[in-house]
Amino acid sequence: MSLKTVNVFLSTDSSKITVGRLAYVDGTIYFEYDAAFLTSGIELSPYKLPLKTGVHVCDDKLFEGLYGLFADSLPDGWGRLLLDRHFLKHGKRYDEITPLDRLGYIGNYGIGALSYEPIVDEIRSLDEKIVLDDLATSSLEILEGSREDMIETLLTLGGSSAGARPKAVIQLDTENQKIIHGAQVLRDGYKHYLVKFASSHDSKDIGAIEYIYSLMAKDANIEMTDTRLIEGKKGRYFATQRFDRVGDRRVHIHSVAGLTHSDFRLPVLDYDDLLTLTLHLTKDVNEQIKMFRLATFNLFSHNRDDHAKNFSFLLDENYQWKLSPAYDLTFSYGPGEEHSTTYLGEGRYPTRKHLMKLAQKHNIKDAQVIIDEIEEVIMNFQGYAKNIGLRKSSIKMIDDILKSKAG
């Protein structure tokens, strides 16, 4: 049986607040805010689902009838593959799986601060030792359709995470390099991390490259959480601390895709839009400057997978919006070898001139200084890459493209 109604909750420092209820009737999803939540003044999704009385129905079908606020809780890519395989394994036909079924499985273990009840299946807390090499191998075998026995374990570890690449939500003891399952109360000495694995079409260096990019981003004064390159016997894996968790406190997160109902599969955004959105939502020019820094970094670093799900905002403890720390920064060619997010309409050959025009349009102070310092960091890619032992072939391929952007 599919879920017909799902209650939505917001976790705060001290309690779990009822947000409202979702209902699935004859293929249409309805949502109504809880009467008490309407008086809270907490705008979880101010553009598409503002605080209003009555029953709300999403006009577009971008997220299968869900508002972006709730769609952000659901996995895509790898996590959705695992989740749907789980439902199929337990006798549910694919055409019977609804968005509410998926939310009910995610339950209390999604990203951000929203949770959902009733819970379809309670996720088990597993105590066995996690071996990243085994998870990486199993992930590839599942993608190739040759293994089913690890689906439940990998779903427990990574079923709520977004993105196309296989990944796992873990707890990491950074001092002793011990790893345990993430879906449990935070253990003493541990922190919440996300670790990524290569997919079948990825380079074996993909983890190391993303780690290098995180080091460059930090040196370019772009806010990021702690990142690690974890050494296994069969590979090296990129891990990043979760920014939707502070200890065990959950933080509300909303992607630009969910916030504005932008299709992250299509190049529908421009950095002009993102700079406007950032200032309007946060009311803080410093947050807008952060977005400009990110636009600059993505241009010079050839990170063209800069789609609408790779930019997010956090709602802090005072219910003020802030740009989230940067994530998913890596060398990428993008759709049709263009940026997913354009620079004043230019996706294939954006240059410093486009950045300066953006800065002038949005009154970004010290734009020339920002551009120069970020370019200087990225032009030293070779130094970062040699320090962590990236293969010479990968260094040359990336460095040649980065150097072509200089000046």
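Right above here is the structure, for reference.
Residues numbered from 1 in each chain as written. Predicted model: local features only at pLDDT ≥ 70, side-chain atom pairs only at ≥ 80, totals over all residues. Heavy atoms only, no water.

Student: Explain the overall build of the protein residue by residue, including any values.
Tutor: Scanning the protein for helices and strands turns up 14 helices and 17 strands. Relative to its full complement of 407 residues, the protein shows a buried share of 56%. Across the protein, contacts joining residues at least 24 apart in sequence account for 65% of those joining residues at least 6 apart. Just so you have it, the protein exposes about 17900 Å², and 50% of that area is on carbon and sulfur atoms. (Helix = DSSP H or I, 4+ residues; strand = E, 2+ residues; numbered from the N terminus. Buried < 20%, exposed > 50% of the residue type's maximum accessible area, 1.4 Å probe, protein only. Contact = heavy atoms within 4.5 Å. Areas by Shrake-Rupley, 256 points an atom, 1.4 Å probe, with all protein chains shown as cover.)

Student: Outline the nonpolar core, listing residues and values.
Tutor: Counting 86 residues, the largest nonpolar core has L22, L66, F70, F292, F297 and F381 as its most contacted members. By size, the runner-up hydrophobic cluster in this structure holds 14 residues, among which are I130, L132, A136 and V195. (Core = buried A, V, L, I, M, F, W, Y, C linked by side-chain atoms within 4.5 Å.)

Student: Lay out the pattern of salt bridges in plain terms, naming residues and giving numbers.
Tutor: Summed over all chains, the structure comprises 21 salt bridges. The salt bridge involving R228 is made with D226; its shortest N-O contact spans 2.7 Å. Assessed through its relative accessible area of 25%, D226 is described here as partly exposed. In this structure, K290 and E287 form a salt bridge, with 3.1 Å as the shortest nitrogen-oxygen distance. Taken together, the residues K290 and E287, both in helix α10 (residues 285-300) and three residues apart, mark about one turn of the helix. Residues joined by salt bridges that share partners form a network here, namely K196, E210 and D328. (Salt bridge = Lys/Arg side-chain N within 4 Å of Asp/Glu carboxyl O.)

Student: An account of the environment of D273 is requested, with residue identities and associated values reported.
Tutor: Within the secondary structure layout, D273 lies in helix α9 (residues 271-282). Taking C-alpha positions, D273 is 9.4 Å from T341, a pair spaced 68 residues apart along the chain.

Student: I'd love a proper account of the side chain of H362, names of residues and values included.
Tutor: Here H362 lies in the loop between α11 (352-361) and α12 (367-378). There is a polar contact of 2.6 Å between the side chain of H362 and the side chain of D272. Discounting chain neighbours no more than four positions away, the residues touching H362 are D272, L275, T276 and Q288. (Polar contact = N/O pair within 3.5 Å; in protein donor to acceptor, adjacent residues only side chain to side chain.)

Student: Go over the sheet that holds strand β2 (residues 16-25), please, and point to the residues and values.
Tutor: Read from one edge to the other, the open sheet built from five strands follows the order β4-β3-β2-β1-β5, with strand pairing classed as antiparallel. With partners counted over all chains shown, the strands left at the sheet margins are β4 (55-57) and β5 (114-117), one partner each. Sheet twist, expressed as the average angle between the axes of neighbouring strands with direction ignored, equals 30°. Across three bridges, the pairing between strand β3 (residues 28-33) and β4 is antiparallel. Bridging from a neighbouring strand, Y30 pairs with V57 of β4. (Pairing = 2+ DSSP bridges. Axes fitted to C-alpha atoms, helices over the stretch in contact; angles between N-to-C directions.)

Student: Tell me what's going on with helix α4 (residues 99-106), and back it up with residues and numbers.
Tutor: Extensive coverage of α4 is indicated by the burial of eight of its eight residues. Looking only at α4, the buried set comprises P99, L100, D101, R102, L103, G104, Y105 and I106. Phi for G107, located one or two positions after α4, is positive at around 55°.

Student: Can you explain the packing of aromatic side chains? Please cite residues and give values.
Tutor: One pass over the structure, following the stated rule, counts ten aromatic pairs. Note on Y213 and F381: the rings are 6.5 Å apart at their centroids and 70° apart in plane angle, and the pair reads as edge-to-face. Of the two residues, Y213 sits in helix α7 (residues 206-219) while F381 sits in helix α13 (residues 381-387), which places them 168 residues apart along the sequence. Here the aromatic rings of F243 and Y327 are separated by 5.6 Å at their centres, their planes lie at 45°, and the arrangement is tilted. With F243 in the loop between β10 (236-241) and β11 (245-246) and Y327 in the loop between β16 (321-323) and β17 (341-342), the pair connects residues that are 84 residues apart, well separated along the chain. Judged by its relative accessible area of 16%, F243 falls in the buried class. When its relative accessible area of 18% is taken as the criterion, Y327 is described as buried. (Phe/Tyr/Trp six-rings, centres within 6.5 Å; stacked < 30°, edge-to-face > 60°.)

Student: Which residues make up α11, and what are the values?
Tutor: Within α11, the full set of buried residues consists of R352, H354, L355, L358 and A359. Viewed along the axis of α11, the buried residues span an arc of 160°, placing them on a single side of the element. The outward face of α11, more than 90 degrees from its buried face, is lined by the exposed residues K353, K357, Q360 and K361. Residues of α11 that are buried in the fold lie against α9, α10 and α12. Just downstream of α11, N363 is the residue with a positive phi angle, here 55°. (Arc of directions from axis to C-beta.)

Student: Explain the packing of α9 against α10 residue by residue, including any values.
Tutor: One way to put it is that α9 packs onto α10 with a least axis distance of 8 Å and a crossing angle of 155°. When the interaxial angle is binned, α9 and α10 end up roughly antiparallel. Two packed elements cross with a definite hand, and for α9 against α10 that hand is right-handed. Contacts between α9 and α10 involve Y271, L274, L275, T278, L279 and T282 from the first element and V285, E287, Q288, M291, F292, A295 and N298 from the second. (Parallel < 35°, antiparallel > 145°, perpendicular 65-115°, else oblique. Left-handed = near helix turned anticlockwise from the far one by under 90°.)

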